[in-house]
Amino acid sequence: MPTFIRDGESIPVGDRLPVLPLRDVVVFPYVAMPLLVGRPASLSAIDASVNEGALLFLVAQRNADTEDPAAADLHRVGVVARVLQIARQPNGTARILVEGLARARVTRYVPASGHLRATLTDDGGAGADDLSAVQPLARRVLSLFEEYVGLHRRIPSEVVALVQGAESISRQAYGIAAHLAVRVEARQNLLVAANVPELLEQLSEVLVGEIELLRLERKLDEEVRGSLFQNQREFYLQEQLKAIHRELGQDDGEDAGELEAQIEAKGLPESVKIRALREVRKLRRMSPLSPESTVARNFVDWILALPWTARTDDVLDVAHARRILDEDHYGLEEVKDRILDYIGVLSLVERIEGPILCLVGPPGVGKTSLGRSVARALGRKFVRMSLGGVRDEAEIRGHRRTYIGAMPGRVIQAMRRAEVMNPVILLDEIDKLGQDYRGDPSAALLEVLDPEQNRAFNDHYLEVDFDLSQVLFLTTANYLPQVPEPLRDRMEIIRLSGYLDQEKFAIARQFLIPKQLRVNGLDPARVDWEPDAIPAIVHNYTREAGVRELERRIGRVARKLARRTAEARELTAGTPATAPRSTVRTGELKALLGTAPYDPSLLSLEHKVGVATGLAYTNVGGEVLEIEVTAIGGRGKLQLTGTLGDVMKESASAALSYARARAGVLGIDRDFHRSRDLHVHIPAGATPKDGPSAGIAIATAIVSALTGIPVRGDLAMTGEITLRGRVLPIGGLKEKAVAAHRNGVRHVIIPYQNVRDTDDMPQEVRDGICFHPVKTMDDVLALALARADYAGDAAAATAATPH
């Protein structure tokens, strides 16, 4: 018969004890625990234990869902327990109170009549070994358990005192294990510990992990409680504030009443007024802490901030407007005439629907600053709205108020900044609008820029109609093809070509030089410029259609002069004298600006074989480019280089097909394509190029390379070619002609259908360039090829050109 030792006392146990399987429960030695028993096998085991000395073997099931566990379903380590009390229940179950005596290990489970029995062996664990070496660990475990109980809400603090009062370390250890609120698997592992030191180690690990979890739970709970407390505190203080206002005769409804008074006095349209008053009534019923209250208040604030009736009186003096426009800008006659026409019509009628003007031109020609001048000439307020990079349709029409942080669109925000109904709004860089999955902002602008629709513009945030018909909209763009066609249809296009050299000289003297000298602390009256200094800067240091680079160069000169003046004052310190006069000489430009990046003589006007001068139109203005063709031995391959687009490649193919079709007439070997390759190159190689207008220039260079006849160097050309040799019209002729004039070209071949475009060119360009209208490639070659039999035809064509 096996015997178990408990605190020095021997406990004899029968050979086979009745087994009571436990579900979700682990009983430890020295611990008394009530159990509810209801399964037949368990009730049979209790009855057997009563007849055999009231001893039971308590062991946990591996799976709590197993209703009738067999030997394989039970753990091998359990507790020998004594049944202290049994209370039979009317429903057939029994409540028992058991006390764990000692830990035991099962060597074998044996089925008995109605229940299982177990053959046991003493597993040691809580023996009477010398435990003085684990005293420090025991104290640490006890300290951790005390902290654990303090953090746990379901374990009473008296448990700590009971554990501390235990007689031995093993009793304390099993007492702590019995009171841990951990999973059954973890409790079973504690019971399986081989000895008390190992049990204390496991308890230490379990307690450290559980304490960390409890601390985190306590922290989260405190944060939630703190937030709730703060909300309750704010609500309590708000209620107190309301009570104080009532005692002082200042009702809390004063704010809502003040909003209603402002709405009544604002002179809003009836539908807008009704909507605003409805929001105020909602606001009056809401708690100030409600998020919806902030949304409603912001809506009412936006309604009150917009100019529903306020407007400025227009200055309808045409002479005054002309003077203002001329003061601010040199040239730009077409734009000025259109603005003056608008002012003249406005002076005869009380109201005119706001026109939509689109200023198209290269950078630096004054499109943006012209908007300010128009507003100043009309006496209106000016608001600039940049559209570059805008990709979201909500940027124009606003966000719906269901979204957090919703705001009206840029148009409504611009009207709020203007504070009047009839400002001048400049929509800058309209060709830089983007488009992605969030919508197409250019489509949202259709309503804004349509005079028939913008009198009832509906922003998603306001959801009420707003009148934009009195606004004078100006838009700017660098490259018109990038503006969507429906949007282009709603605007009046006014093109601003690049400035001519004489215009740049005048702008520099009248505007840029005085401005930059004043910015850098110099008196313009005390700085002289040699007559050739400005032309030298324009020709050698800038290559642009506008004047931005020119202004930067002049600003650099001004800074150098300011530095000289400051150094001169330091040398003459203490001597009261006025600043000396300065003179900007042409020979000093290299010292002031560095080495000139451009050479005016770079574009050669000499006759060359296989080289034709073409004209291109880019988003920065017109450009002059050389088209080079060389014929080499090969098998008829056409090689195209220079970063060419698909359209330009197709133009080169059409030009080659024309040359092959007209080989006999042009004096070219009919089978040249069998023995010669053609290489077409258009510098600069890194700059992308596209478009059909270089067709006749490519064809001329190919014919020149194949015949060996040079192309005239003083002549440029532009036009689209067909397979039959017809020359079709092109766009951007004005900008191209300005570029040709700027580069010293004196003859330009143009399509016959573009002759009408020459009337819109500046007089200086028409006087300096001889235009040659042509209908076919035969006419082009007669003018372009520098050979004797074509000279007469070219002279006749030149004499016949009216310009």
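Residues numbered from 1 in each chain as written. Predicted model: local features only at pLDDT ≥ 70, side-chain atom pairs only at ≥ 80, totals over all residues. Heavy atoms only, no water.

### Re the overall build of the protein
Then step 1. A count of helical and extended segments in the protein gives 28 helices and 26 strands.
Then step 2. Expressed as lengths along the three principal axes of its C-alpha atoms, the size of the protein is roughly 140 × 90 × 70 Å.
Then step 3. Each of the 803 residues in the protein was classed as buried or not, and the buried ones make up 48%.
Then step 4. Taken as a whole, the protein presents about 39,000 Å² of accessible surface, with 50% of it coming from carbon and sulfur.
Then step 5. When the 100 basic and 109 acidic side-chain charges of the protein are each reduced to a single mean position, those positions are 3 Å apart. (Helix = DSSP H or I, 4+ residues; strand = E, 2+ residues; numbered from the N terminus. Buried < 20%, exposed > 50% of the residue type's maximum accessible area, 1.4 Å probe, protein only. Areas by Shrake-Rupley, 256 points an atom, 1.4 Å probe, with all protein chains shown as cover. Lys, Arg positive; Asp, Glu negative; His and termini not counted. Charge placed at Lys NZ, Arg CZ, Asp CG, Glu CD.)

### Considering the confidence of the model for the protein
Then step 1. Considering every residue of the protein, the mean pLDDT works out to 83; 90% of them sit at 70 or more.
Then step 2. Here residues 788-803 scores under 50 on pLDDT; set against residues more than four positions off or in separate chains, the count is 23 contacts. (pLDDT = per-residue confidence, 0-100. Contact = heavy atoms within 4.5 Å.)

### A look at the packing of helix H8 (residues 270-285) against helix H9 (residues 291-305)
Then step 1. It is the contact of H8 with H9, at a shortest axis distance of 9 Å, that shows an interaxial angle of 150 degrees. Considered as vectors, H8 and H9 are oriented roughly antiparallel to each other. Along this stretch, H8 crosses H9, giving a crossing that reads as left-handed. Facing H8, whose interface residues are Val 272, Arg 275, Ala 276, Glu 279, Val 280 and Leu 283, H9 presents Ser 293, Ala 296, Arg 297, Phe 299, Val 300 and Ile 303.
Then step 2. Here the contact of H8 with H9 is built from residues that sort into eight nonpolar, one polar and three charged. (Axes fitted to C-alpha atoms, helices over the stretch in contact; angles between N-to-C directions. Parallel < 35°, antiparallel > 145°, perpendicular 65-115°, else oblique. Left-handed = near helix turned anticlockwise from the far one by under 90°. Nonpolar A, V, L, I, M, F, W, Y, C, P; charged D, E, K, R; others polar.)

### Some details on empty space enclosed by the protein
Then step 1. Throughout the structure, instances matching the rule amount to two cavities of 30 Å³ or more.
Then step 2. Taken as a whole, the largest cavity encloses approximately 60 Å³ of empty space.
Then step 3. Together, 10 residues line the largest cavity, and Glu 606, Lys 608, Val 611, Thr 613 and Gly 713 are the ones closest to its centre.
Then step 4. When grouped by side-chain class, the residues that make up the lining of the largest cavity number three nonpolar, three polar and four charged.
Then step 5. Of the voids in this model, the second largest cavity is the one considered here, and its volume is about 40 Å³.
Then step 6. Looking at the second largest cavity, the residues that line it are Leu 22, Val 25, Val 26, Val 27, Leu 58, Val 59, Ala 60, Val 77, Gln 188 and Leu 191.
Then step 7. Going through the elements one at a time, strand S5 (55-60) and helix H5 (184-192) are the ones with two or more residues in the lining of the second largest cavity.
Then step 8. At three residues, S5 tops the list of elements feeding residues into the lining of the second largest cavity. (1 Å grid on protein atoms, 1.4 Å probe; cavity = no way out; pocket = protein on both sides within 12 Å on 5 of 7 lines; lining within 4 Å. Points joined across faces, edges and corners; volume = space filled by probe spheres on them.)

### Here we look at the pattern of salt bridges
Then step 1. Taken as a whole and judged by the stated rule, the model has 43 salt bridges.
Then step 2. Arg 215 is the partner of Glu 212 in a salt bridge, and the nearest nitrogen-oxygen pair spans 3.3 Å. On the criterion of helical spacing, the pair formed by Glu 212 and Arg 215 is a turn pair, its members being three residues apart in helix H6 (residues 196-247).
Then step 3. Glu 212 sits in the partly exposed class, given a relative accessible area of 45%.
Then step 4. For Arg 215, a relative accessible area of 40% puts it in the partly exposed group.
Then step 5. With its nearest N and O atoms 4.0 Å apart, the salt bridge here joins Arg 311 to Asp 314.
Then step 6. A relative accessible area of 42% places Arg 311 in the partly exposed class. (Salt bridge = Lys/Arg side-chain N within 4 Å of Asp/Glu carboxyl O.)

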